Amino acid sequence: MGLTVAVQMDPIERINIAGDTTFALMLEAQARGHDLLYYTPDTLSMRDGMITAKAHPVRVRDVAGEHASLGEPERIDLSRVDVILLRQDPPFDLAYITTTHMLERLHPRTLVINDPAHVRNAPEKLFVTEFPHLMPPTLITRDRDDIEAFRREMGEIVMKPLYGHGGAAVLRVARDDPNFGSLYDLFAATFREPWVIQRFLPQVKDGDKRIILVDGEAAGAVNRVPAENDIRSNMVRGGAAKPTDLTAREREICETIGPALRERGLVLVGIDVIDGLLTEINVTSPTGIRAIKRLGGPDLAVSVWDAIERRRSA
């Protein structure tokens, strides 16, 4: 039986379909006979407890530049749809948090993937700290003295914004880096929240592995190798996607965190692993599905929709 699926995402005309996971999920939903609606989060409204959005019926096809055909927009009662895919990109700011509060009013009668309350309560760079034994040494602070002490202990460190995404403002700082004071001032002026400070992992040169978990189970992976003279492996920052298999250590990481993901209704999750150490658990809008398929791996959009349909039936 076909479902009505609403997709909350960034403007569909701007996406790069070659690497967009949301688009892959839409293609698979359409192939299964589900009806698709598309809206952007700025059109969400709540009146007297009713959550609505200005949504377009949409048909998708895997043709760059002609990937979406939109019908006329109509304000719809989101409680009348079967599934909502919460898929807009960060920043994970108050606007993003507000959408999770609104969608929480609908879930689980309308199934929201990922569960909006747990998306809100599990920001990627904080949720991961529930598993410190799997991580590199990590400090979350904006206190300069604490950062200086951590840098003296660790040597080289990486500084990044707590709610950043896509590799933006990820900086490597050496033990005696004369730029540290200026970098600290720049971060202090730019970000009000604390920052993530981690021991630098030199093996990042060999890749930062993105592993996709579906309903808490490891389903596929892609190794992202940084461009020359860059520590950032994100594909939007020039990282090269390479096929890969999971090591025993990486399977151990997935088996350790999997139950927590299932309990929280986090159906589609992407984790980042460098040299056997877990650095992030991405739950807001994880990517990697299209790259994994393009490199000869499984079509994980199928696995995700199998999991969604199981949850919907239950």
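Our structure is the block above this text.
Keep in mind that what you see is a predicted model, and the values were worked out from it rather than measured.

Visitor: Explanation requested: the overall build of the protein chain in the structure shown.
Guide: For the protein chain, the helix and strand inventory stands at nine helices and 17 strands. Its C-alpha radius of gyration of 20 Å places the protein chain within 12% of the 20 Å reference for a compact globule of 314 residues. A separation threshold of at least 6 residues defines the contact pool for the protein chain, and within that pool the share at least 24 residues apart is 66%. On the protein chain, roughly 14,400 Å² of surface is accessible, and the fraction owed to carbon and sulfur atoms is 47%. Within the protein chain, one finds 39 positive and 46 negative side-chain charges whose respective centroids are separated by 1 Å.

Visitor: Any chance you could explain the pairing of strand β9 (residues 138-141) here in plain terms?
Guide: Here is the key point about a regular strand: its side chains alternate between the two faces of the sheet. Of the two faces of β9, only the one carrying L139 and T141 is buried; T138 and I140 on the other face are not. Note: β9 against strand β12 (residues 195-199), four bridges, orientation antiparallel. When the sheet's bridge partners are listed, T141 is paired in β12 with W195.

Visitor: What am I meant to see in the packing of helix α5 (residues 144-154) against helix α6 (residues 180-190) here?
Guide: A pair of packed helices is characterised by two quantities: the angle between their axes and the separation of those axes. The geometry of α5 relative to α6 is characterised by a closest axis approach of 12 Å and an angle of 140° between their N-to-C directions. The pairing of α5 with α6 is recorded here as oblique in orientation. Of the two elements, α5 crosses α6, and the hand of that crossing is right-handed. Every residue of α6 that contacts α5 at R144, I147, E148 and R151 is listed here: F180, G181, Y184 and D185. Within the contact of α5 with α6, the residues separate by chemical class into three nonpolar, one polar and four charged.

Visitor: What am I meant to see in the packing of aromatic side chains here?
Guide: Aromatic ring pairs are defined here through the distance separating the ring centres and the angle between the ring planes. Scanning the model with the defined rule gives seven aromatic pairs in all. On the basis of an interplanar angle of 85° and a centroid distance of 5.4 Å, the ring pair of F187 and W195 is categorised as edge-to-face. Grouping residues by exposure puts F187 and W195 together as buried. Sitting above the plane of the Y184 ring, R144 keeps its charged end 5.3 Å from the centroid. Positioned above the aromatic ring of F180 is the side chain of R151, whose terminal nitrogen or guanidinium carbon lies 4.3 Å from the ring centre.

The rules behind the values
- Residues numbered from 1 in each chain as written.
- Predicted model: local features only at pLDDT ≥ 70, side-chain atom pairs only at ≥ 80, totals over all residues.
- Heavy atoms only, no water.
- Helix = DSSP H or I, 4+ residues; strand = E, 2+ residues; numbered from the N terminus.
- Rg over C-alpha atoms; globule rule 2.2 N^0.38 Å.
- Contact = heavy atoms within 4.5 Å.
- Areas by Shrake-Rupley, 256 points an atom, 1.4 Å probe, with all protein chains shown as cover.
- Lys, Arg positive; Asp, Glu negative; His and termini not counted.
- Charge placed at Lys NZ, Arg CZ, Asp CG, Glu CD.
- Buried < 20%, exposed > 50% of the residue type's maximum accessible area, 1.4 Å probe, protein only.
- Pairing = 2+ DSSP bridges.
- Axes fitted to C-alpha atoms, helices over the stretch in contact; angles between N-to-C directions.
- Parallel < 35°, antiparallel > 145°, perpendicular 65-115°, else oblique.
- Left-handed = near helix turned anticlockwise from the far one by under 90°.
- Nonpolar A, V, L, I, M, F, W, Y, C, P; charged D, E, K, R; others polar.
- Phe/Tyr/Trp six-rings, centres within 6.5 Å; stacked < 30°, edge-to-face > 60°.
- Lys NZ or Arg CZ within 6 Å of the ring centre and 35° of its normal.

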